[in-house]
Structure formats: C-alpha cells, structure tokens
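For reference, the chains in residue letters:
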Amino acid sequence: MTNLGLYRLASLNYIIVVNEMDYAEIIDEVAKKISPKRLRHSIGVSQTAESLAVRFGCDQEQAKLAGILHDLAREVPVNELLPRALAFGIVVCDIERAEPILLHAPLAAKMAQTELGINDSEIMQAIILHTTGGPNMTLLDKIIYLADAIEPGRKFKGVDKIRKVARTDLDKALLSALDLSICYIVKGSGLIHPATIAARNEILQNRSKY
Ligand SMILES: [Fe+2]
Ligand SMILES: [Fe+2]
C-alpha cells in the first residue's frame, strides 16, 4: 500500500482523506488478516457505521474506516493475543487475562497503527472500545459499538428492535445492545468487563437527567 491518504498537519495531528481507492486498498489489507466471512461482517459494520454517522452527525470517513478495521485482530490465535498485546505495551487487566479474546480490540488498534499507518486517535479509541464499550464514549465510539451489534449480518433475537431504535435514538439503541451483551455473558457464566458496566451505567445516568 503506497498511500493511505494520511496528511500531516502543522499541528502534528493527522487528518484522514479516504477516497474510494484508498478504502479499497484498506479492504485488501484487512482481507489478508481475516476470513471472507469476517470480512463481510467488517464491511457490514463499516457501512452501518457510515449510515449512523450520517444520521447522528459524526465524521463519515472516520466511522467507515473504524468499522472496516475493528476486527483486524479477531482471527489472531487466542493463545497469541496476550503475548502480542503485552509486546505492544497494552495494559492488560485481570478480566482480559482471563478472557484474552477481549484483547482483539486493543490489538486491532495497534495493528491498524503499525501495519496500516492509521494514526487517528479517535479511530483507534473506537476500535479499542468496540467489544467492551466504556465510560465517556464519544459519538464515534458509540457508533462503532452499535454498528458491530446491528450490521446486516447479525441475526440474534432482538436485533431488529435495536435497528429500529437506532433510527432515532443512538443512546437507547446502545443501551439495548449493552444489555443484550451483558445478558449473553451472564447466561454463559462469563466475566463482565467493568468498562461494559461503566458504559451502561453512564448512559442510564445521563438519560435520567432529561
Ligand atoms: Fe470484535
Ligand atoms: Fe465485529
């Protein structure tokens, strides 16, 4: 890949200009890391995120890019996730040590940065939070979490209801997605990441203020 469309500004921040060709190149790179089935999921997340960005006034290119990249590390063998995360200097909590699959999110952000040259901190944060959610989620973080839950390939019971809510109320749809995720983990006697609880509590607390 020769040009990801990254242009450095005098402020040392990066802006991202993703034209169709650049986006196609990124898809080609993602396709080298994940199966065709997961690539279809990632394209679904990317397109859903773009639609949500239009609807709720978020940057469409950031949403599209975070969506296509979010599962870049999802097919890294589970026994490699922890050592690779630690090698990148990712801070790993007890829950993530016990459930290393959660590390595919922060690892994807690091891979996007080091292997694809993505240096947009907002995109990286959205990728990091796509599995657990977290406190102080930005609009982009919320859109990627929700898009991952409701992209067209998702078939779970209740998904159509969340899609309908997502047409008008992002936080309400996100709350439903978090609730379903928590219920699913509880049913499987899994560990709930504190960031997920924090995300849910924060949305509920903010909604009760209105
Ligand atoms: Fe994921
Ligand atoms: Fe995903």
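Computed from a prediction, not measured in an experiment: that's the story for all the values here.

Asker: Help me understand the overall build of the protein, please; the structure alone is not making it clear to me.
Answerer: Helices and strands together make up the secondary structure of the protein, namely 11 helices and 2 strands. In sequence order, the secondary structure elements of the protein are arranged as β-β-α-α-α-α-α-α-α-α-α-α-α. Buried residues in the protein amount to 45% of all 210 residues. Partitioning the intrachain contacts of the protein with sequence separation of at least 6 by distance along the chain shows that 59% fall at a separation of at least 24. When the accessible surface of the protein is split by element, carbon and sulfur atoms take 54% of a total near 10,900 Å².

Asker: Would you mind going over the coordination of the iron ion (ligand 1) with me for this structure?
Answerer: For a metal with four donors in a tetrahedral arrangement, the ideal angle between donors is 109.5 degrees, while six donors in an octahedron ideally sit at 90 or 180 degrees. Around the iron ion (ligand 1), the protein contributes the donor atoms Asp-71 (OD), His-104 (NE2) and His-130 (NE2), at 2.1 to 2.2 Å from the metal centre. Between the two metals, the iron ion (ligand 1) and the iron ion (ligand 2), the spacing is 3.6 Å, and Asp-71 donates to both. Here the residue Asp-71 occupies a position in the loop between α3 (60-69) and α4 (78-87), and His-130 occupies one in the loop between α7 (121-128) and α8 (139-150), the gap between them amounting to 59 residues. Since its relative accessible area comes to 4%, Asp-71 is described here as buried. Judged by relative accessible area, which is 2%, His-130 ranks as buried.

The rules behind each value
Residues numbered from 1 in each chain as written. Chains lettered and ligands numbered in written order. Predicted model: local features only at pLDDT ≥ 70, side-chain atom pairs only at ≥ 80, totals over all residues. Heavy atoms only, no water. Helix = DSSP H or I, 4+ residues; strand = E, 2+ residues; numbered from the N terminus. Buried < 20%, exposed > 50% of the residue type's maximum accessible area, 1.4 Å probe, protein only. Contact = heavy atoms within 4.5 Å. Areas by Shrake-Rupley, 256 points an atom, 1.4 Å probe, with all protein chains shown as cover. Donors = N, O, S within 2.8 Å, 3.2 Å for Na, K, Ca; no water.

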